[in-house]
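# Structure assessment
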Amino acid sequence: MKVTCLSKGSGFHFPPCHILDVSGFRILLDCPLDLSALTIFSPVSPSPKMEEEEQTYDFAVNNCLDMRKRQKILKSLICAQPWYKTPNNLHLWDPSSIDLVLISSTMGMLALPFLTQTKGFSAKIYATEATTRLGQLMMEDLVLMHNEFQHFYGSDSGSPQWMSWEELELLSPALRQVALGKDGTELGGWMPLYRSTDVEDCVKKVQTLKYAEEAWYNGTLLIKAFSSGLEIGSCNWTINSPKRNVAYISGSKFHPVHAMEFDYHALRGNDLILYSDFSSEGVLTNDEHYNNFPASTTYNSSTPRDCSTDNDDRILKECLLRNDESLEEREKVAFICSCAVDSVKAGGSVIIPLNQLGIVLQLLEQIPVYLESSAMKVPIYVISSVAAELLAFTNIIPEWLCKERQEKLFSGEPLFSHPELMKGEKLYVFPDVNSPELLTSWQEPCIIFSPHWSLRLGPVVHLLRRWRGDENSLLVLEDGLDTDMALLPFKPLAMKVLQCSFLSGIRLQKTQPLLEILRPKVVLFPEDLREQINISSSHSFPVLYYAENETLDVPKSRGNVDLEIASNLATQLSWRKLDHDDDMDIARLGGQLFIDGGKHQVLSGNKVSDKPLLHWGIPDVEKLLAALSKMGVKGSVEECMSDDAESGSDGIVHIHEPSKALIEVRATRTVISARDERLASLIFEAIGTLTDGI
């Protein structure tokens, strides 16, 4: 088995990407896009009318000087139709060599159309139903937002000018590092965006799975998806093969607010765990409050490993539940709501281009509550080409929601409150910022949810240009974005900026007790996290560390494959003990071998009459000459070919009488060459007396 980490990603928006070779099959784990790299491009220039509106905001002493500064800033970015950055080195792999693609989240699906439209690609693609639909909506929205660039710059024809080395040398060091990567090898990963037809063709090739539904690939690999808790529909994978059972742990959350919680029980007892949650990298320096636990709450690795499941759950709760992630997340959402209310009270508007669906759904429920408690009537707009479909879909996918939301369905209530908010005219949904219905109902101040979180695409670009000079307005950003680079085209900026960090994976102090409870035989762990977590050597499992852009060979965990033999055949077996090996017996078996569903079975087949004996072993050449002599056959040993000359086991025997023949005795075979069939039979009979046969 081999594992290659193509990219460790960068949190929720750009999950890791791996190539896994197991049981003769090549599996691609996730296929994301690095949309944070879009910040090196300049957004589309505003229309003359909008440019005129921008100049009405006099937020500097010398407005003309500010405009000259803005023009200089825009020139420092790449003014061209954006290309999109795929995982490093994925383009170097032959698409036809990939047998299987497993998608863990919506963000892990965004580069999939690049792959499916490639010549020679024929892999089977698996994803959950919710991930597939949400991923499709995100890709369709991305294509529609990108069309604004196409209208402005025209269609692409060949490699863009900005990709030439002369132009790249003119970029600032920060922009050049995004374009080329730290080692300067990532330029080949940039691709022009796919079309809407490519998205449609891609989704048709995805086989959707329900929660824990079994899927067999080629009758050998058993694939299952279990909730990771990261987002609605996000999952971890188990891959059962004849030689090894593998669990893939992507970004996971123990206590999500809306999504089904992390089902770690389903990952127990696997041969190997590929731990691929990089979201906690660097968290020790950025979030000390949540990572320094008292000694009384740390996990004791000396706990007996044969304890019951109930005891495992008790240990897990003791170590992990003291830090309630859902409470932390709710506190951050409450803080955003209070900041939004403060802004609209001051007469400013709020822009929320967040990308995490779970956070957006919480804000859509909580902001109206805060507004009502403040006796304020402020419209909330959701502006996106797929907003209506996305909000409708969230109310029909109870399978991947938490128990509290599922209970609402059983009681006849809506899963989320946004349908009632829309009926009460508190929430408005529009497909485009230029929608006539939006212009008719437009009010300020207001609160707007709109893409894109990179601040380079979609309605957020136009809204930022409108309110960037208003010191009472508020922009809410997610962590994972270079804020200085993202806001560069909108400077000078007077509006407030609130950047929030939401947990998108397993905290480091939870990793060790989790792995101990899962009890794998081997763990593959990121090299980048080795210094941040000390996995005790007293554990029952070895830990192998993998690094980005390196292939790791994993030792075999199983030497044998289970074989089911039909009972009528098993009763006919006649066992014989092998010479010089007291631990091994051998028997001859006749039947038909079937391989299906990862199982090997031997069933009764057509009987073969007069089966010749099968011999094994190396005949001693001196004893062979003696046996032939008793049969009236004379010969001599020409030379001894073995390194151990005294063993007499390997060599060439020449037969002189009654006719010419040659016997070659080797370590792996014995060859008889004779023109006389009767002589060949005598030689075969003599060899049979010196070797075992069945």
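Report follows, based on the coordinates. (Residues numbered from 1 in each chain as written. Predicted model: local features only at pLDDT ≥ 70, side-chain atom pairs only at ≥ 80, totals over all residues. Heavy atoms only, no water.)

Let us now look at the overall build of the chain. Looking only at helices and strands, the chain has 21 helices and 33 strands in total. The buried share of the chain, reckoned over its 694 residues, is 51%. Taking contacts inside the chain between residues at least 6 apart in sequence as the whole, the part at least 24 apart equals 70%. Of the roughly 32700 Å² of accessible surface on the chain, 50% is carried by carbon and sulfur atoms. (Helix = DSSP H or I, 4+ residues; strand = E, 2+ residues; numbered from the N terminus. Buried < 20%, exposed > 50% of the residue type's maximum accessible area, 1.4 Å probe, protein only. Contact = heavy atoms within 4.5 Å. Areas by Shrake-Rupley, 256 points an atom, 1.4 Å probe, with all protein chains shown as cover.)

What follows concerns the pairing of strand β2 (residues 17-22). Most of β2 is tucked away, with 6 of its 6 residues classed as buried. What you see with β2 is no split at all: C17, I19 and D21 on one side and H18, L20 and V22 on the other are buried throughout. For strand β1 (residues 2-7) and β2, the ladder comprises 5 bridges, and the chain directions are antiparallel. Each residue of the ladder has a partner; that of S7, found in β2, is C17. One ladder, built from 5 bridges, connects β2 with strand β3 (residues 25-29); its direction is antiparallel. Paired with V22 across the bridge in β3 is F25. Linking β2 to β3, which pair antiparallel, is a turn of 2 residues; within it S23 sits at a positive phi near 55°. (Pairing = 2+ DSSP bridges.)

What follows covers the packing of aromatic side chains. Using the criterion set out here, one finds 17 aromatic pairs in the structure. Measuring from centroid to centroid gives 5.1 Å for F254 and F262, while their planes differ by 65°, and the two rings are edge-to-face. The residues F254 and F262 share a single accessibility class, namely buried. An aromatic cluster is defined as three or more aromatic residues linked by ring pairs; in this entry it consists of Y381, Y428, F430, W442 and W467. Sitting over the face of the ring of Y545, R530 holds its NZ or CZ atom 3.8 Å from the ring centroid. (Phe/Tyr/Trp six-rings, centres within 6.5 Å; stacked < 30°, edge-to-face > 60°. Lys NZ or Arg CZ within 6 Å of the ring centre and 35° of its normal.)

Note that the residue after K491, namely P492, is joined by a cis bond; omega there is 0°. As for its position among the elements, P492 is in the loop between α17 (483-486) and β19 (496-500). Residue E657 is joined to P658 through a cis peptide bond whose omega torsion reads 5°. By the element assignment, P658 lies in the loop between β30 (651-657) and β31 (661-665). With a phi angle near 75°, D30 is a residue other than glycine that sits in the positive phi range. Despite not being glycine, N89 has its phi angle at roughly 75°, a positive value. Along the chain, the position of N89 falls in the loop between β4 (84-85) and β5 (100-102).

Another point: the nonpolar core. Among the nonpolar cores identified, the biggest contains 79 residues, and L28, V101, L112 and Y194 are the most heavily contacted of them. Sequence-distant contacts of L28, defined by excluding residues within four places in its chain, comprise L6, C17, H18, I19, L90, I98, L100, V101, L102 and L115. The next biggest cluster of nonpolar side chains, apart from the first, holds 75 residues, and it includes V22, L134, V378 and F416. (Core = buried A, V, L, I, M, F, W, Y, C linked by side-chain atoms within 4.5 Å.)

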